[in-house]
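Structure assessment
The lines below spell out each chain.
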Amino acid sequence: MSDKSSNQMWGGRFAAGPDAIMEAINASIGFDKRMASQDIAGSRAHAAMLAAQGIVTPSDAEAMREGLLTVLSEIETGEFAFSTALEDIHMNVEARLKEVIGEPAGRLHTGRSRNDQVATDFRLWVRDQLDAAVSGLEALMRALLAQAEAGADWVMPGFTHLQTAQPVTWGHHMMAYVEMFARDLSRVRDARERMNESPLGAAALAGTSFPIDREMTAEALGFDRPMANSLDAVSDRDFALEFLSVASISAMHLSRFAEELVIWSSAQFRFVTLSDRFSTGSSIMPQKKNPDAAELIRAKVGRIFGANVALMMVMKGLPLAYSKDMQEDKEQVFDAADNWMLALAAMEGMVKDMTGNRANLEAAASAGFSTATDLADWLVRTLGLPFRDAHHVTGSLVALAEQKGCDLPDLSLEDMQSVHAAITADVFDVLGVHNSVASRTSFGGTAPVRVREQIALWKEVLG
Ligand code: ARG
């Protein structure tokens, strides 16, 4: 036997235990304890399979099953004493199992390794998060749909370059985000389907000579099939990277909307009023109501992008198969997952509670010559002008209005005719913002009739 202070799990060839600094850099228990329930689920599946294959006796497997349940309940109730000397969740669980059931615990690790164990635990953990993301995204989409429905025909300015472009409907703007989050949802589902294969039984890297049944453990853990190559199974973390990529894209969508809410809730815009429940005050300026939740979503997104890049960097230089570098995968994913879920929930809460200020939106929609394109289109349609000429005439009319300090609908017919003699009073019909949005009935356009069709479709999808 080696020195007593060497590691009880792998210390056979070691005469001395690790230096304290070695222990500190090596241990992952501080964070991988979050995978305790996945680790125990993996061990239970493995133990049952070992018995079914005659590799351990039924009574040993039963002892393992009961012991693992005891350990799980100790962890869940907070009684479990995690040990840094035992490095990680896998060895913490196994060591405690030994204390609880004695000798049979030593047979649990037959035909497996921590390498396939950690790959399995982590896949299960990420899979749970993908499922949670589905709920979070769907809840947010429902909140956006409710806003869209309430203001399907409210007019507001549509922007390009953050300059007034053309009037759009509030419903259309909300539904734009429904489309974005729906694509995030579909990316989540794709990622889940691709990652749902079991690494368990790949053992350290080469498979095992024990007659294990990988189909059985895969099925017990809800995987679609065992992974086909043991080297790949223990050494890739692309499923975690795909999770982070999907999270990053979704976080980018959240951040853009957060930015809009920050702008829209300002005193200069007043497009929306955020609820007290999702705002904070200032300790010095009594009038302030700050959109902190939106700002924090915008900021937290940086951590999610960072996690994606960090794990890419960890992985890019690693030869097959497992390297300890991979232990650095988990904190990035845990942090990104926590913040993505929080951002989704905070956005859902803000959207549910916020009030669109219809009158302000409408007043802003009419300002800034937002119906200039409608005027140009009228010149094309009614007077038969080529679009380029119509564009030029309209530009002159905008300049005239600017000079007079008024908006396009406030110009008189004489003013209009001074620029182009053939203009008639009908032109005023298209200069109103409601007529403008109502006219944009092309598929995907902002007309309330089109927006309501999309709302109905999505309501059906989301149930
Ligand atoms: N804590 C390790 C990790 O997170 C578990 C796998 C350790 N494997 C090994 N060969 N040392 O990656």
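Predicted, not measured: the structure shown is a model, and the values here were computed from it.

**Examining the overall build of the protein chain**
Each helix and strand counted, the protein chain has 19 helices and 6 strands in total. Taken over the C-alpha trace, the protein chain has a radius of gyration of 31 Å; the compact-globule value for 463 residues is 23 Å, which it surpasses by more than 25%. Projecting the C-alpha coordinates of the protein chain onto the three principal axes gives extents of approximately 105 × 50 × 40 Å. Within the protein chain, the proportion of its 463 residues that are buried is 48%.

**Here's the deal with the pairing of strand S2 (residues 163-169)**
Of the pairings in the sheet, the one linking strand S1 (residues 155-160) to S2 comprises 6 bridges and is antiparallel in character. Bridging across to S2, Met 156 finds its partner in Val 168.

**Quick word on unusual backbone geometry**
Cis geometry is adopted by the peptide bond preceding Ala 321, which originates at Leu 320 and carries an omega value of 0°. Mapped onto the elements, Ala 321 comes out in the loop between helix H11 (292-315) and helix H12 (329-353). For Glu 87, which is not glycine, the phi dihedral falls at a positive 60°.

**Re the UniProt feature "domain: Argininosuccinate lyase C-terminal" (unreviewed entry) in the protein chain**
Under the UniProt annotation, "domain: Argininosuccinate lyase C-terminal" (unreviewed entry) lies at residues 369-438. The distance from the first to the last C-alpha atom of residues 369-438 is 17 Å, and the span holds 69% helix and 0% strand.

**Re empty space enclosed by the protein**
Scanning the entire structure with this criterion turns up 1 cavity of 30 Å³ or more. When its volume is computed, the largest cavity comes out at roughly 60 Å³. If you trace the largest cavity, you find it lined by Asn 7, Trp 10, Pro 18, Met 22, Glu 23, Asn 26, Thr 84, Ala 85 and Glu 87. Taken together, the residues that form the lining of the largest cavity break down as 4 nonpolar, 3 polar and 2 charged.

**Notes on the site of the ligand**
Around the ligand lies a shell formed by Ser 28, Asp 32, Asp 88, His 90, Arg 114, Asn 115, Val 118, Tyr 322, Gln 327 and Lys 330. Taking Tyr 322, its side chain carries an N or O atom lying 2.5 Å from an oxygen atom of the ligand. Between the ligand and the protein, one listed contact pairs a nitrogen atom with a side-chain N or O atom of Gln 327 at 2.7 Å. For the ligand, whose free accessible area comes to 350 Å², the fraction covered by protein is 86%. Top contributing element to the shell around the ligand by residue count: helix H6 (residues 114-150), with 3 residues.

**Details of a nonpolar patch on the surface**
Among the surface-exposed residues, Leu 205, Leu 231 and Leu 320 lie close enough to one another that they form a single nonpolar patch of about 280 Å² accessible area. Looking at where Leu 320 falls in the secondary structure, it is placed in the loop between H11 and H12.

**Quick notes on H11**
Note that an α-helix has 3.6 residues per turn; residues three or four places apart therefore point the same way. In this model, H11 (24 residues) spans 35 Å end to end at C-alpha, consistent with the 34 Å of a helix rising 1.5 Å per residue. Of the positions making up H11, those classed as buried are Ala 293, Ala 294, Ile 297, Val 301, Ile 304, Ala 307, Asn 308, Leu 311 and Met 315. The elements touched by buried residues of H11 are helix H9 (230-235), helix H10 (238-264) and H12.

**Thoughts on the packing of helix H3 (residues 36-52) against helix H4 (residues 58-76)**
Contact geometry for H3 and H4: axes closest at 9 Å, N-to-C directions at 175°. For the element pair H3 / H4, the angle class is roughly antiparallel. Between H3 and H4, the residues in contact are Ala 36, Ser 37, Ile 40, Ser 43, Arg 44, Ala 47 and Ala 51 and Pro 58, Ala 61, Met 64, Arg 65, Leu 68, Leu 69, Val 71, Leu 72 and Ile 75, respectively. Residue composition of the contact of H3 with H4, grouped by class: 12 nonpolar, 2 polar and 2 charged.

**A few points about the packing of helix H7 (residues 170-195) against H10**
Each packed pair of helices is defined by two parameters, the angle between the axes and the distance between the axes. Here H7 crosses H10 at 170°, and the two axes come no closer than 9 Å. Our classification of the angle between H7 and H10 gives roughly antiparallel. H7 and H10 meet at a crossing whose hand is left-handed. Contacts between H7 and H10 involve Trp 170, His 173, Met 174, Tyr 177, Met 180, Phe 181, Asp 184, Arg 187, Val 188, Ala 191, Arg 194 and Met 195 on the former and, on the latter, Phe 239, Glu 242, Val 246, Ile 249, Ser 250, His 253, Leu 254, Arg 256, Phe 257, Glu 260 and Trp 264. Of the residues in the contact of H7 with H10, the class split is 14 nonpolar, 3 polar and 6 charged.

**Some thoughts on the side chain of Asn 339**
Considering the arrangement of structural elements, one finds Asn 339 in helix H12. Classification of Asn 339 as buried rests on a relative accessible area of 6%. A distance of 2.8 Å separates the side chain of Asn 339 from the backbone oxygen of Asp 335, its partner in a polar contact.

**Some points on the pattern of salt bridges**
One pass over the full model with this rule turns up 26 salt bridges. Two residues, Glu 149 and Lys 459, come together in a salt bridge whose shortest N-O distance is 2.8 Å. Of the two residues, Glu 149 sits in helix H6 while Lys 459 sits in helix H19 (residues 448-462), which places them 310 residues apart along the sequence. Note that Lys 330 and Asp 329 form a salt bridge whose closest N and O atoms lie 2.9 Å from each other. Using a relative accessible area of 0% as the deciding quantity, one classes Asp 329 as buried. Linked through salt bridges whose partners overlap, the residues forming this network are Glu 87, Asp 88, Arg 114 and Lys 324.

**Looking at the nonpolar core**
Core analysis: the biggest nonpolar cluster contains 99 residues, and Phe 257, Trp 340 and Met 347 have the highest contact counts within it. For Phe 257, the contacting residues outside a window of four places in its chain are Leu 144, Met 174, Tyr 177, Trp 264, Met 347, Val 351 and Met 354. In this structure, Trp 378, Val 393, Val 398 and Val 427 belong to the second largest nonpolar core, which totals 21 residues.

**Focus on the packing of aromatic side chains**
The relative placement of two aromatic rings is captured by the distance of their centres and the angle of their planes. Across all of its chains, the model carries 13 aromatic pairs by this definition. Between Phe 159 and Phe 269 the ring centres are 6.3 Å apart and the planes differ by 50°, which places this aromatic pair in the tilted class. Highlighted residues: Phe 159 in strand S1 and Phe 269 in the loop between H10 and strand S5 (272-273), separated in sequence by 110 residues. Note on Phe 159: relative accessible area 28%, which makes it partly exposed. Here the aromatic cluster, defined as three or more aromatic residues joined through ring pairs, consists of Trp 154, Phe 159, Trp 170, Trp 264, Phe 269 and Phe 271. The ring of Phe 14 has Arg 13 sitting right over it, with the charged end atom 5.9 Å from the ring centre.

Calculation notes
Residues numbered from 1 in each chain as written. Predicted model: local features only at pLDDT ≥ 70, side-chain atom pairs only at ≥ 80, totals over all residues. Heavy atoms only, no water. Helix = DSSP H or I, 4+ residues; strand = E, 2+ residues; numbered from the N terminus. Rg over C-alpha atoms; globule rule 2.2 N^0.38 Å. Buried < 20%, exposed > 50% of the residue type's maximum accessible area, 1.4 Å probe, protein only. Pairing = 2+ DSSP bridges. UniProt positions renumbered as here; feature names shortened; annotations may be inferred. 1 Å grid on protein atoms, 1.4 Å probe; cavity = no way out; pocket = protein on both sides within 12 Å on 5 of 7 lines; lining within 4 Å. Points joined across faces, edges and corners; volume = space filled by probe spheres on them. Nonpolar A, V, L, I, M, F, W, Y, C, P; charged D, E, K, R; others polar. Near = heavy atom within 4 Å. Polar contact = N/O pair within 3.5 Å; in protein donor to acceptor, adjacent residues only side chain to side chain. Areas by Shrake-Rupley, 256 points an atom, 1.4 Å probe, with all protein chains shown as cover. Patch = residues over 30% accessible without salt bridge, like charges linked within 9 Å, V, L, I, M, F, W, Y side chains within 5 Å. Salt bridge = Lys/Arg side-chain N within 4 Å of Asp/Glu carboxyl O. Expected span 1.5 Å × (residues − 1). Contact = heavy atoms within 4.5 Å. Axes fitted to C-alpha atoms, helices over the stretch in contact; angles between N-to-C directions. Parallel < 35°, antiparallel > 145°, perpendicular 65-115°, else oblique. Left-handed = near helix turned anticlockwise from the far one by under 90°. Core = buried A, V, L, I, M, F, W, Y, C linked by side-chain atoms within 4.5 Å. Phe/Tyr/Trp six-rings, centres within 6.5 Å; stacked < 30°, edge-to-face > 60°. Lys NZ or Arg CZ within 6 Å of the ring centre and 35° of its normal.

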